[in-house]
Amino acid sequence: GQQVMQIPQYQHVQEGEDFTTYCNSSTTLSNIQWYKQRPGGHPVFLIQLVKSGEVKKQKRLTFQFGEAKKNSSLHITATQTTDVGTYFCAGHRGGGGGADGLTFGKGTHLIIQP
Amino acid sequence: GAGVSQTPSNKVTEKGKYVELRCDPISGHTALYWYRQSLGQGPEFLIYFQGTGAADDSGLPNDRFFAVRPEGSVSTLKIQRTERGDSAVYLCASSSALANEQFFGPGTRLTVL
């Protein structure tokens, strides 16, 4: 079955440093979604990437979708304490990119030291 | 506006007992999902409803798990003969027909003693 892998599992950074998490799928994805989960909270949708090679930015966050649509990355510039949490990538199980269930990676836990 | 709600927020039960977990999706959302999340892991897909029908139940781990959504809104996840390995946070999410974004509820933390 479809597998989604993320590295690193944990990332410690000093406040103000940059952070990147990488996501790889065992199958070609129709799209990829990213979610953030704060400690003690639930996953919150950040973005969806659809096109091969797509790059999207949200303020200090930059999301990329690989040319082969099997990998993705999230980069945060100049981290702040509000960025603390776990970042998950997820691909649609059905492969069609519709409203079906998601396969999540294990997530990257971002820990920020002031 | 109202988001996805789940009840109870916490459930402690004994091994072998039956439990029901409830999910109230965002009004008008046709798609509803159940996931479970163990500590340090990503959400694991269980079942997906489109309207009243289960469109994909391939994530249910065994026949002790069952879910319903009789009127296409509220859903109940039912677990029979609970085992200690069922302990996890059970997350519900919903999405509209127009977008793939899934909105998650706060989850139910199930502890099986």
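Please read all numbers here as calculations on a predicted model, not as lab measurements. (Residues numbered from 1 in each chain as written. Chains lettered and ligands numbered in written order. Predicted model: local features only at pLDDT ≥ 70, side-chain atom pairs only at ≥ 80, totals over all residues. Heavy atoms only, no water.)

Caption draft 1: Broad picture of the packing of aromatic side chains. Counting across every chain of the model gives 12 aromatic pairs over all chains. Both rings, one in tyrosine 35 of chain A and one in phenylalanine 45 of chain A, keep their centres 5.6 Å apart while their planes meet at 75 degrees; by these two values the pair is edge-to-face. Of this pair, tyrosine 35 of chain A sits in strand 4 (residues 32-37) while phenylalanine 45 of chain A sits in strand 5 (residues 44-49), and the two are 10 residues apart along the sequence. Judged by its relative accessible area of 0%, tyrosine 35 of chain A is buried. The rings of Tyr35, Phe45, Phe88 and Phe104 of chain A together with Tyr33, Tyr35, Phe45, Tyr48 and Phe104 of chain B are connected pair by pair, giving a single aromatic cluster. (Phe/Tyr/Trp six-rings, centres within 6.5 Å; stacked < 30°, edge-to-face > 60°. Helix = DSSP H or I, 4+ residues; strand = E, 2+ residues; numbered from the N terminus. Buried < 20%, exposed > 50% of the residue type's maximum accessible area, 1.4 Å probe, protein only.)

Caption draft 2: Expanded view of the interface of chain B and chain A. At the interface, 22 residues of chain B touch 21 residues of chain A. Taken as a group, Pro43, Asn100 and Phe104 of chain B account for 33% of the area that chain B buries against chain A, more than any other trio of residues on that side. Linking chain B with chain A are zero salt bridges, by the criterion used here. Where chain B touches chain A, the interface holds seven residue pairs in polar contact (both at pLDDT 80 or more). (Contact = heavy atoms within 4.5 Å. Buried area = accessible area lost by both parts, 1.4 Å probe. Salt bridge = Lys/Arg side-chain N within 4 Å of Asp/Glu carboxyl O. Polar contact = N/O pair within 3.5 Å; in protein donor to acceptor, adjacent residues only side chain to side chain.)

Caption draft 3: Region of the structure containing the nonpolar core. Counting residues in each nonpolar core, the largest one holds 20 residues, and the members touching the most others are Trp34, Leu46, Ile47, Leu77 and Tyr90 of chain B. Elements supplying a minimum of two residues to this core: strand 3 (19-24), strand 4 (31-37), strand 5 (44-50), strand 7 (65-68), strand 8 (75-79), strand 9 (88-95) and strand 11 (108-112) of chain B. Apart from residues lying up to four places away in sequence, leucine 77 of chain B is in contact with Val19, Glu20, Leu21, Trp34, Leu46, Phe66, Ala67 and Tyr90 of chain B. Formed by 19 residues, the second largest nonpolar core is a distinct cluster that contains Val13, Phe19, Phe65 and Leu110 of chain A. (Core = buried A, V, L, I, M, F, W, Y, C linked by side-chain atoms within 4.5 Å.)

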